[in-house]
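Structural characterization, general
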Amino acid sequence: MHTTEHPIHWLHHAKQHLGLLPTLGGGVAAWQLDRAQGPLDIWRPWAGSTDRYTLASFPLVPWSNRISAGGFEFDGVHHPMAPNRAGEPYPIHGDGWLQAWALHQPQDNMLEMTLESQAFDGNPYNYRALQRFVLIDGGMDQTLTVTHTGASPLPYGLGQHPFFPRSASTRLTTQVQGVWLSRPDCLPTQHTTQFPPGWDPRAGMDANGSLIDNAYTGWSGEARIDWPDQQLALTMREPSILSRGQNDGMCLLYRSSIISAFCFEPVTHPIDAFHMPGLPGLKVLHQGESLTLHLEWRFAETAATV
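The rules behind these values
Residues numbered from 1 in each chain as written. Predicted model: local features only at pLDDT ≥ 70, side-chain atom pairs only at ≥ 80, totals over all residues. Heavy atoms only, no water. Helix = DSSP H or I, 4+ residues; strand = E, 2+ residues; numbered from the N terminus. Rg over C-alpha atoms; globule rule 2.2 N^0.38 Å. Buried < 20%, exposed > 50% of the residue type's maximum accessible area, 1.4 Å probe, protein only. Contact = heavy atoms within 4.5 Å. Areas by Shrake-Rupley, 256 points an atom, 1.4 Å probe, with all protein chains shown as cover. Lys, Arg positive; Asp, Glu negative; His and termini not counted. Charge placed at Lys NZ, Arg CZ, Asp CG, Glu CD. Salt bridge = Lys/Arg side-chain N within 4 Å of Asp/Glu carboxyl O. Pairing = 2+ DSSP bridges. Core = buried A, V, L, I, M, F, W, Y, C linked by side-chain atoms within 4.5 Å.

1. Looking at the overall build of the protein chain
Counting its secondary structure elements, the protein chain contains one helix and 25 strands. In terms of C-alpha radius of gyration, the protein chain reaches 19 Å, essentially the compact-globule figure of 19 Å for 306 residues. By principal-axis analysis of the C-alpha atoms, the protein chain measures approximately 60 × 45 × 40 Å. Burial status across the protein chain gives 54% buried among its 306 residues. The long-range share in the protein chain, meaning contacts at least 24 apart out of those at least 6 apart in sequence, stands at 64%. Total accessible area on the protein chain is roughly 12400 Å²; 52% of this is exposed by carbon and sulfur atoms. For the protein chain, the centre of its 18 positive side-chain charges and the centre of its 28 negative side-chain charges are spaced 5 Å apart.

Below, the structure is given as structure tokens:
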């Protein structure tokens, strides 16, 4: 996986291996768990391409997913924004994933990456971002924080974009209340609580199947992925959603036959929230104010399948 242009920086702790790529969008190359037969990939490992979609995970900052209409208007000012990925008609996933970050190691079990972004690619955003990864017994704590450094306030959003390996038996279980249906270009058109066949993760959903590239609403703040063939389960928790106890979170799911992985993305706002009434899920930050997304990842051994 290593390349000369984008070296991997490794953190080894608690029988885990975390490889970061600060020069490649502040992305993750690998997160692995020690097993007797060798390291097991918890996130799908990076294959060495500069295409960020081949990373194990990357941060979504200062917004998640797509913004339509060539930009957005806020406080009476129109902010034009250009597409930032080949084949995508809209700017997608923010701009932090397209820039080089700086690496720091404050503790033996911790790596951090920081970014100072100033109107990257003509975007209106000036911000400082921090990613923190802490390996602990039984999992990892992951934090993404953005601080607005511009003079005028702007709406912000965050997310994480991990890729999970899958086999025929891989399942995703999480509590949600509805889903945004979308056009072929993935922009939302209609919200529904009636899930299309194979789209309901509440009782356990097959990680294989028809295309899903949609945002779910009413997320509980907790999700579980089971790999029965690996005798492993991974739980993701978003403590701020869980503490509210209102099932008011937001998440995205990408499932496709094109790649041998799927994505479950915790995010703070729906797709194209910049053009929805009230800017749902977005947080308006004034200079010096911050927004944080904190995740707790925990894995557990499960019983062998018969």
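2. A look at the side chain of Glu265
Tracing the backbone shows Glu265 in strand S23 (residues 261–267). It is Arg66 that comes nearest to the buried, bridge-free Glu265 among opposite-charge side chains, at 7.9 Å.

3. Notes on the sheet that holds strand S20 (residues 222–227)
Strands sit in the order S8-S9-S10-S11-S25-S21-S20-S15-S18 across an open sheet of nine strands; the sheet is antiparallel. Unpaired on one side and paired on the other, strand S8 (102–107) and strand S18 (205–206) mark the two borders of the sheet.

4. Looking at the environment of Phe120
Summarising the element assignment, Phe120 is placed in the loop between strand S9 (110–118) and strand S10 (126–136). Separated by 150 residues in sequence, Phe120 and Pro270 place their C-alpha atoms 23 Å apart. Excluding anything up to four places from it in sequence, Phe120 contacts Asp95, Leu98, Gln99 and Tyr125.

5. Considerations on the pairing of S9
As judged from the four bridges shared by S8 and S9, these two strands associate in the antiparallel manner. Residue pairing for S9: Ala102 is matched across the bridge by Thr114. Taking the residues that link successive antiparallel strands as the turn, the S8-S9 hairpin has two residues. Summarising the sheet, S9 and S10 pair through nine bridges and their orientation is antiparallel. Bridging across to S10, Leu111 finds its partner in Phe133.

6. Quick notes on the sheet that holds strand S2 (residues 16–21)
Across the sheet, which stays open at both edges, the four strands sit in the order S1-S2-S3-S4 with antiparallel pairing between neighbours. Taken across any chain shown, the strands that pair with only one partner, and hence form the sheet edges, are strand S1 (9–13) and strand S4 (40–41). Here S1 runs beside S2; their pairing, made up of five bridges, is antiparallel. Within S2, the residue paired with His12 across the bridge is His17.

7. Some details on the pairing of strand S19 (residues 212–219)
The side chains of a regular strand alternate, residue by residue, between the two faces of the sheet. With eight of eight residues buried, S19 is to be regarded as a mostly interior element. Bridging between strand S16 (residues 178–182) and S19 involves two bridges; their strand directions are antiparallel. Considered in S19, the bridge of Val179 is made with Tyr216. Where S19 meets strand S22 (residues 249–255), seven bridges bridge the pair, whose relative direction is antiparallel. In the sheet register, Tyr216 faces S22, and the bridge partner there is Cys251.

8. A short note on the nonpolar core
Core analysis: the largest hydrophobic core is formed by 62 residues, its most contacted members being Leu18, Trp31, Trp43, Tyr125, Phe164, Tyr216 and Trp297. For this core, the element with the highest residue contribution is strand S25 (residues 290–301), accounting for five residues. Grouped together as the second largest cluster of nonpolar side chains are 20 residues, Ile8, Trp46, Ala215 and Ala261 included.

9. Observations regarding unusual backbone geometry
When glycine is set aside, most residues are seen to have a negative phi, and most peptide bonds are trans. With an omega of 5°, the peptide bond between Val61 and Pro62 qualifies as cis. Counting through the fold element by element, Pro62 comes out in the loop between strand S5 (59–60) and strand S6 (71–74). Phi is positive for Asn247, close to 50°, though the residue is something other than glycine. Assignment of secondary structure puts Asn247 in the loop between helix H1 (239–244) and S22.

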